[in-house]
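Spelled out from the first residue to the last, the chains are:
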Amino acid sequence: MTTTHPASAAAAADPAAGAAVKAADRAHVFHSWSAQGLIDPPAIAGAEGSYFWDYDGNRYLDFSSQLVNTNIGHQHPKVVAAIQEQAAKLCTLAPGFAVDVRSEAARLIAERTPGDLDKIFFTNGGAEAVENAVRMARLHTGRPKVLSAYRSYHGATAAAINLTGDPRRWPSDTASAGVVHFWGPFRYRSPFHAENEAQECERALAHLEQTIAFEGPQTIAAIVLETVPGTAGIMVPPAGYLAGVREICDRHGIVFVLDEVMAGFGRTGRWFAAEHFGVTPDLLTFAKGVNSGYVPLGGVAISAEIAATFDQRPYPGGLTYSGHPLACASAVATINAMAEERIVENADRIGETVIGPALREIAGRHPSVGEVRGMGVFWAVELVKDQETREPLVPYNASGAANAPMGEFAAACKRAGLWPFVNMNRTHVVPPCTVTEAEAKEGLAALDDALTAADAHTTGA
């Protein structure tokens with residue numbers, strides 16, 4: 001049963017107001033990724049920290065961080081104050097001007113990116129960051145093709161959606177975007193029949209080498225990878241894989257792009273997930289956690305070599321709101337607060353000492369759990385019908401009645417006051433990086449209970 005926030009949710013309880021919000025939404029808002037006549041969006045009254053609540057006074061622990069982006073939690077007072085102060089000072093200015101807060105945001109980001117990624121091109125979000133990274137790579141190399149992995153998501157704009165390796169690409173796939181997909185490593189569902197992580201790494205790199213050879217290395221501008229794939233399953237790459245991709249790219253003159261839109265800014269217990277693997281890409285895309293989405297912001301961190309390509313040659317790309325002052329002010333406040341409050345370290349600690357151990361215990365109790373994997377506050381729970389055969393609890397890209405088992409599980413979470421992140425046959429444990437030990441344990445207990453709904457659909461049930 002959902003609980004009530006003692007101060008905010010109960011005070012906000014106003015079912016009539018909630019009904020009015022929903023009516024206006026249904027009359028005028030066109031929602032993404034949805035059949036408009038089949039959805040019923042909840043009306044949300046407010047949020048704070050790790051929680052949000054509706055107009056009926058129901059409070060939810062946000063184990064989704066919305067879209068895995070509110071890394072600093074909801075309504076962080078330092079970030080809210082920075083936006084207010086910047087609005088009073090200078091709301092907007094075209095990107096062609098030098099602005100103190102834009103320069104400071106770029107400096108703080110560049111300080112934390114690996115290697116020489118010291119120039120920052122700002123966008124409005126992650127998809128535009130990927131879009132511009134691909135453009136930079138093609139212009140830098142003079143080559144047309146880009147390689148990306150199956151089981152990936154890179155955004156919904158034209159190039160980004162074609163790079164994406166999940167079914168959201170299918171309706172928009174032009175088959176002429178110059179994108180070639182390959183299999184990345186994923187030991188639990190290995191296409192390489194690997195018996196251990198070392199074999200998975202070796203065989204995945206051999207597969208990539210073969211793909212490059214058959215496509216023609218001289219035609220390939222970039223390889224784009226999520227450092228740790230997010231929506232597609234939080235599949236932490238095996239040791240040596242990303243370093244192997246780096247070596248392959250160097251050997252063939254291919255630009256190596258790491259997409260850290262979801263994995264960056266503390267999510268994996270490091271400022272950027274690349275730190276775990278000791279690799280430096282040529283381009284690194286970011287968004288989401290850079291300011292927890294308080295104001296739309298994303299960007300590309302650019303190596304010295306690629307930046308030099310555009311020293312005397314204009315870069316043919318830009319956005320009206322590139323480096324928007326309000327967005328940059330929220331990024332400066334976010335990064336400073338994360339450093340001062342040791343929020344990245346908190347994410348690492350909670351993952352290591354609370355979430356990881358609890359999920360492994362939960363896996364031992366539930367026949368529906370095939371595997372748990374992750375790091376920091378970035379975890380996936382793979383749900384299966386049968387632990388031996390590893391048959392997914394629902395078919396790939398299931399919908400309607402075929403997806404009912406996952407729907408029942410999600411409903412059980414919500415009844416317990418937990419808002420889950422559910423995709424295909426997985427639930428992801430992705431609370432804010434600010435989550436406390438008590439909040440994490442509260443959510444994990446609710447998850448444990450809700451998994452009984454999934455257990456009912458296993459072969460032994």
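These numbers come from a predicted model, not from an experiment. (Residues numbered from 1 in each chain as written. Predicted model: local features only at pLDDT ≥ 70, side-chain atom pairs only at ≥ 80, totals over all residues. Heavy atoms only, no water.)

In this section: the overall build of the chain. In terms of regular secondary structure, the chain is built from 15 helices and 15 strands. The C-alpha atoms of the chain give 22 Å as radius of gyration, which agrees with the globular expectation for 461 residues (23 Å, within 12%). Taking the principal axes of its C-alpha atoms as reference, the chain extends roughly 60 × 60 × 45 Å. Split into buried and exposed, the 461 residues of the chain put 56% on the buried side. Counted over contacts in the chain with a minimum sequence separation of 6, partners at least 24 positions apart contribute 71%. (Helix = DSSP H or I, 4+ residues; strand = E, 2+ residues; numbered from the N terminus. Rg over C-alpha atoms; globule rule 2.2 N^0.38 Å. Buried < 20%, exposed > 50% of the residue type's maximum accessible area, 1.4 Å probe, protein only. Contact = heavy atoms within 4.5 Å.)

Moving on: the side chain of Ser322. On the secondary structure map, Ser322 appears in the loop between α11 (304–309) and α12 (325–340). Residue Ser322 is classed as buried on the basis of its relative accessible area, which comes to 10%. Looking at Ser322, its side chain comes within polar contact range of the main-chain oxygen of Phe122, at 2.7 Å. For Ser322, the contacting residues outside a window of four places in its chain are Pro95, Arg102 and Phe122. (Polar contact = N/O pair within 3.5 Å; in protein donor to acceptor, adjacent residues only side chain to side chain.)

On to the sheet that holds strand β1 (residues 44–48). As summarised here, the arrangement of the 4 strands in space is β1-β2-β3-β13, forming an open sheet in which the pairing is mixed. The open sheet terminates on both sides in strands that have one partner only, identified here as β1 and β13 (418–419). With 2 bridges connecting them, strand β3 (residues 59–62) and β13 associate as parallel partners. By the bridge assignment, Leu61 is partnered in β13 with Leu418. Contacts from helix α15 (residues 437–455) reach β2 (51–54), β3 and β13 within the one sheet, and its direction differs from that of β3 by about 100°. (Pairing = 2+ DSSP bridges. Axes fitted to C-alpha atoms, helices over the stretch in contact; angles between N-to-C directions.)

Here we take up the sheet that holds strand β15 (residues 426–429). Read from one edge of the open sheet, 4 strands run β11-β12-β15-β14, paired in antiparallel fashion. Lying at the two open borders of the sheet, with one neighbouring strand each, are β11 (369–375) and β14 (421–423). If you compare each strand with its neighbour and ignore which way they point, the axes differ by 20° on average. Looking at chain direction, strand β12 (residues 378–383) and β15 are connected through 4 bridges and run antiparallel. Paired with Val381 across the strands is Thr427, a residue of β15. Together, β11, β12 and β15 form the strand contacts of helix α13 (residues 343–365), whose direction differs from that of β12 by roughly 5°.

Time to look at the layout of surface pockets. Counted as a void, the second largest pocket has a volume near 430 Å³. Lining the second largest pocket are 16 residues; nearest its centre among them are Lys119, Ile120, Phe121, Phe122 and Ile302. Of all elements in the fold, only α5 (100–112) and β4 (119–123) reach the threshold of two or more residues within the lining of the second largest pocket. Ranked by the residues each element gives to the lining of the second largest pocket, the list is headed by β4, at 4 residues. (1 Å grid on protein atoms, 1.4 Å probe; cavity = no way out; pocket = protein on both sides within 12 Å on 5 of 7 lines; lining within 4 Å. Points joined across faces, edges and corners; volume = space filled by probe spheres on them.)

When you tally the buried positions in strand β10 (residues 298–302), you get 5 out of 5 residues, the bulk of the element. On β10, burial covers both faces: Gly298, Val300 and Ile302 on one face and Gly299 and Ala301 on the other are all buried. Relative to β10, β4 is paired through 5 bridges, and the arrangement is antiparallel. Looking at β10, one finds that Thr123 is bridged to Gly298.

Counting across every chain of the model gives 25 salt bridges. Put simply, Asp348 and Arg270 hold a salt bridge, and the shortest N to O gap is 3.4 Å. Within this pair, whereas Asp348 is found in helix α13, its partner Arg270 is found in the loop between β8 (255–259) and α10 (274–277), the two being separated by 78 residues in sequence. For Asp348, a relative accessible area of 30% gives the class partly exposed. Between Arg373 and Glu382 there is a salt bridge; the shortest N-O distance is 2.7 Å. By the burial criterion, Arg373 is buried, and Glu382 matches it. (Salt bridge = Lys/Arg side-chain N within 4 Å of Asp/Glu carboxyl O.)

The subject of this paragraph is the packing of aromatic side chains. Aromatic rings considered in pairs are described by the distance between their centres and by the relative angle of their planes. The final tally for this structure, using the stated rule, is 11 aromatic pairs. Ring geometry for Tyr150 and Trp183: centres 4.8 Å apart, planes at 40°, overall tilted. Of this pair, Tyr150 sits in the loop between β5 (145–149) and α7 (158–163) while Trp183 sits in the loop between β6 (179–182) and α8 (197–215), and the two are 33 residues apart along the sequence. Both rings, one in Phe265 and one in Phe272, keep their centres 4.9 Å apart while their planes meet at 65°; by these two values the pair is edge-to-face. (Phe/Tyr/Trp six-rings, centres within 6.5 Å; stacked < 30°, edge-to-face > 60°.)

Below, the discussion takes up the pairing of β8. Here β8 lies mainly inside the structure; 5 of its 5 residues are buried. As paired elements, strand β7 (residues 220–226) and β8 share 5 bridges and run parallel to each other. The residue of β8 that forms the bridge with Leu225 is Leu258. Note on the crossover from β7 through helix α9 (residues 241–252) to β8: the handedness is right-handed. Relative to strand β9 (residues 283–286), β8 runs parallel, the two being bridged by 3 bridges. Its bridge partner lying in β9, Val257 is registered against Leu283. (Right-handed = clockwise from strand over helix to strand, strands pointing away.)

Core analysis: the largest hydrophobic core is formed by 69 residues, its most contacted members being Phe122, Phe286 and Leu359. If one sorts the elements of this core by residue count, α12 sits on top with 10 residues. (Core = buried A, V, L, I, M, F, W, Y, C linked by side-chain atoms within 4.5 Å.)

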